[in-house]
Amino acid sequence: MARNSSLPITIAQVTKTYGKVFALDHVDLNIQSGEFLTLLGPSGSGKTTLLTVLAGFTRPDGGSLKFGDTEMITVPPHKRDVGMVFQNYALFPHMSVAANVAFPLKLRGVVGAESARRVERALEMVRLGGYGARGVDQLSGGQRQRVALARAMVFEPRIMLMDEPLSALDKQLREHMQIELRQLHEQLGMTTVYVTHDQREALTMSDRIAVIQGGRIMQLDTPRAIYERPANRFVAEFIGESTFVPVTVAAGRLTLAGQALQTADPLPADGARLLMLRPERLRVLGATEEPGTGFNLLQATLVHTVYQGDSSLLQVALADGTRLQVRSASIGLAAAAQAEPGRPLRLALAVHDTVLLAADGAAA
Ligand code: ADP
Ligand code: MG
């Protein structure tokens, strides 16, 4: 399967309505050649609709879709040359593994020795070499999903579309397959659009993530940028844990419970803002420890500790009553007394983790 045969995808102003519902609302999205791009969003946000527009099963009301330089909107699905894997892999249950994988080749008139050779190579790619003669019903869930993948790859598509392909698998297998899929992508290099509602899966696998909500792309960026600098409150809440504190920038200063804070980006104009805090970025300082340069200091009181094994979630209160959450490495049995409510705590927060959003939750 040749490298460098992938294609960029250009989506411009694509809209699809069902009655009054905008499943896709003027979506613009440029996907680079060979990129692994994930559409991440809650149920009903338009992920599947966008994927079926790419596949050709859904005709948008308006907009343009290009693979490379070619306009695709009017091209039927079987002429788009895309590989597809869906959640319910829809293998033919009464057919052998090899016959399942050979199916797209047969549709394209590839049969006999050439077909057999390509089927075996696709099965080797997904580490099922030698499984061709087996019945599909003799395979585990993970093996079946790999057969579905081999079937999608066997005709060497330049674009691969995957809609929640791992969501039916148990957690351990899912995490294993995430790594496998990503490695396969690195070997083959086809442009891949992957759909999931699982934020960790998206962060693990993607070159870039498009966060989608209500048929609109909320943010398109690398996993790190999406997590560290969410464009708005929706993105911040959907990915990871966060506490939002209403704050006021006044006379060019930001204070929280009487303590001045420095922020990651230059302070915006005076006015109401929302401070976004990731619980794991607040660090409890030792009794004599100083926060050091590049850190804000917050004085707090411990309210409550939830022990969660590898880490604990602390509820703390600032002087003005503001509640924050702090994720901290758990302390062992002997140190349980340190979890006493009312204990004063000093917290360090890196300036680059001190992020402001607009008061309404949009980007500041
Ligand atoms: P997701 O895959 O993110 O869960 P979908 O793309 O399936 O979301 O759906 C987006 C929106 O479009 C939802 O409000 C859904 O109810 C609606 N929708 C999708 N397909 C149809 C359809 N065939 N008929 C009517 N409404 C649809
Ligand atoms: Mg869906």
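Small disclaimer: the values here were computed from a predicted structure and weren't measured. Each residue is numbered by its place in its chain's sequence as written, counting from 1. Written order determines the labels here, with chains lettered from A and ligands numbered from 1. Selection of residues for local features in this predicted model requires a pLDDT of at least 70, selection of side-chain atom pairs for listing and counting requires 80 or more, and totals for whole chains, interfaces and linings are taken over all residues. Only hydrogens and water are set aside when side-chain values are computed; all heavy atoms of the structure are taken into account.

Asks: In this structure, what is going on with the site of ligand 1? I would like to understand it.
Replies: Taken together, Tyr18, Val21, Ala23, Pro42, Ser43, Gly44, Ser45, Gly46, Lys47, Thr48 and Thr49 form the complete shell of residues around ligand 1. Here a polar contact means two N or O atoms within 3.5 Å. Within protein one must be a hydrogen donor candidate and the other an acceptor candidate, and residues neighboring in sequence count only if both atoms are side-chain atoms. For ligand 1, an oxygen atom lies 3.1 Å from a polar atom in the backbone of serine 45. In the model, an oxygen atom of ligand 1 is placed 2.8 Å from a nitrogen or oxygen of the lysine 47 side chain. Accessibility throughout is a Shrake-Rupley quantity obtained with a 1.4 Å probe, and a residue counts as covered only by protein chains that appear here. Bound to the protein, ligand 1 loses 57% of the 560 Å² it would expose on its own. We count a stretch as a helix when DSSP gives it H or I for four or more residues in a row; a strand needs E for two or more, and each element gets its number in order from the N terminus. Broken down by secondary-structure element, the contributors of at least two residues to the shell around ligand 1 are strand E2 (21-31) and helix H1 (47-55). Considering every element that reaches the shell around ligand 1, the biggest residue donor is H1, with 3 residues. Note on terminology: near, applied to a residue and a molecule or strand, indicates that one of the residue's heavy atoms is within 4 Å of it.

Asks: Whenever I open this one, helix H5 (residues 171-188) confuses me. Can you help?
Replies: Two residues of an α-helix separated by three or four positions point the same way, owing to the 3.6 residues in each turn. In a regular helix each residue adds 1.5 Å, so 18 residues correspond to 26 Å; H5 covers 26 Å between its end C-alpha atoms and thus fits that length. Residues of H5 that are buried include every one of Met177, Gln178, Glu180, Leu181, Arg182, Leu184, His185 and Leu188, and no others. On its buried face, H5 is in contact with strand E3 (36-40), helix H3 (112-125), helix H4 (141-153), strand E7 (159-163), strand E8 (191-196) and helix H6 (199-205). At the exit of H5 stands glycine 189, carrying a positive phi of roughly 70 degrees. Take the number of residues in a helix, subtract one, and multiply by 1.5 Å to get its expected span. Relative accessible area decides the class of each residue, using a 1.4 Å probe on protein chains only: under 20% of the type maximum gives buried, over 50% gives exposed, and in between gives partly exposed. Working rule for contacts: check all heavy atoms of both residues, and any pair within 4.5 Å makes them a contact.

Asks: Teacher, can you tell me more about the sheet that holds strand E14 (residues 271-277) here?
Replies: Two pairing modes exist for strands in a sheet, parallel and antiparallel, and in both the strands are linked by backbone hydrogen bonds. Here, a strand pair is defined by DSSP locating no fewer than two bridges between the strands. Here 5 strands make up an open sheet; going across it, the order is E13-E12-E11-E14-E20 and the pairing antiparallel. The strands lining the two open edges of the sheet, one partner per strand, are strand E13 (259-261) and strand E20 (355-358). On average, each strand axis in the sheet is inclined to that of its neighbour by 45 degrees, with strand direction left out of account. The sheet contact formed by strand E11 (residues 243-250) and strand E12 (residues 253-256) spans 3 bridges and is antiparallel. By the bridge assignment, alanine 250 is partnered in E12 with arginine 253. Fitted lines through C-alpha atoms give the axes, limited to the stretch in contact for helices. The angle between two N-to-C directions lies from 0 to 180 degrees.

Asks: Honestly, the pairing of strand E10 (residues 216-221) in this entry has me stumped. Any pointers?
Replies: Successive residues of a regular strand alternate their side chains across the two faces of the sheet. Inspection of the sheet shows strand E9 (residues 208-213) paired to E10 by 5 bridges, in the antiparallel sense. Its bridge partner being in E10, isoleucine 209 is matched across the sheet by aspartate 221.

Asks: Any chance you could explain the packing of aromatic side chains here in plain terms?
Replies: Each aromatic ring pair is described using two quantities: the centre-to-centre distance and the angle formed by the ring planes. Centres within 6.5 Å make a pair out of two Phe, Tyr or Trp rings, where for Trp the six-membered ring is used; the pair is then stacked when the planes are under 30 degrees apart, edge-to-face when over 60, and tilted otherwise. Counted under the stated rule, the structure contains 3 aromatic pairs. Ring centres of phenylalanine 36 and tyrosine 194 lie 5.5 Å apart, and the angle between their planes is 40 degrees; on these two criteria the pair is classed as tilted. Taken together, the residues span a long stretch of sequence, with phenylalanine 36 in strand E3 and tyrosine 194 in strand E8 at a distance of 158 residues. Exposure class is identical for phenylalanine 36 and tyrosine 194. Each is buried. Here the aromatic rings of phenylalanine 234 and phenylalanine 238 are separated by 5.7 Å at their centres, their planes lie at 10 degrees, and the arrangement is stacked. Residue phenylalanine 234 and its partner phenylalanine 238 are both found in helix H8 (residues 233-238); the two are separated by 4 residues, about one turn of the helix. You can call phenylalanine 234 partly exposed: its relative accessible area is 23%. Above the plane of the ring of phenylalanine 155 lies arginine 108, whose end atom (NZ or CZ) is 3.7 Å from the centre. The criterion for a charge sitting over a ring is simple: Lys NZ or Arg CZ within 6 Å of the ring centre, and within 35 degrees of the ring normal. Over the aromatic face of tyrosine 227 sits the side chain of arginine 278, whose NZ or CZ is 4.0 Å from the ring centroid.

By themselves, these are just geometric observations and shouldn't be taken as functional.
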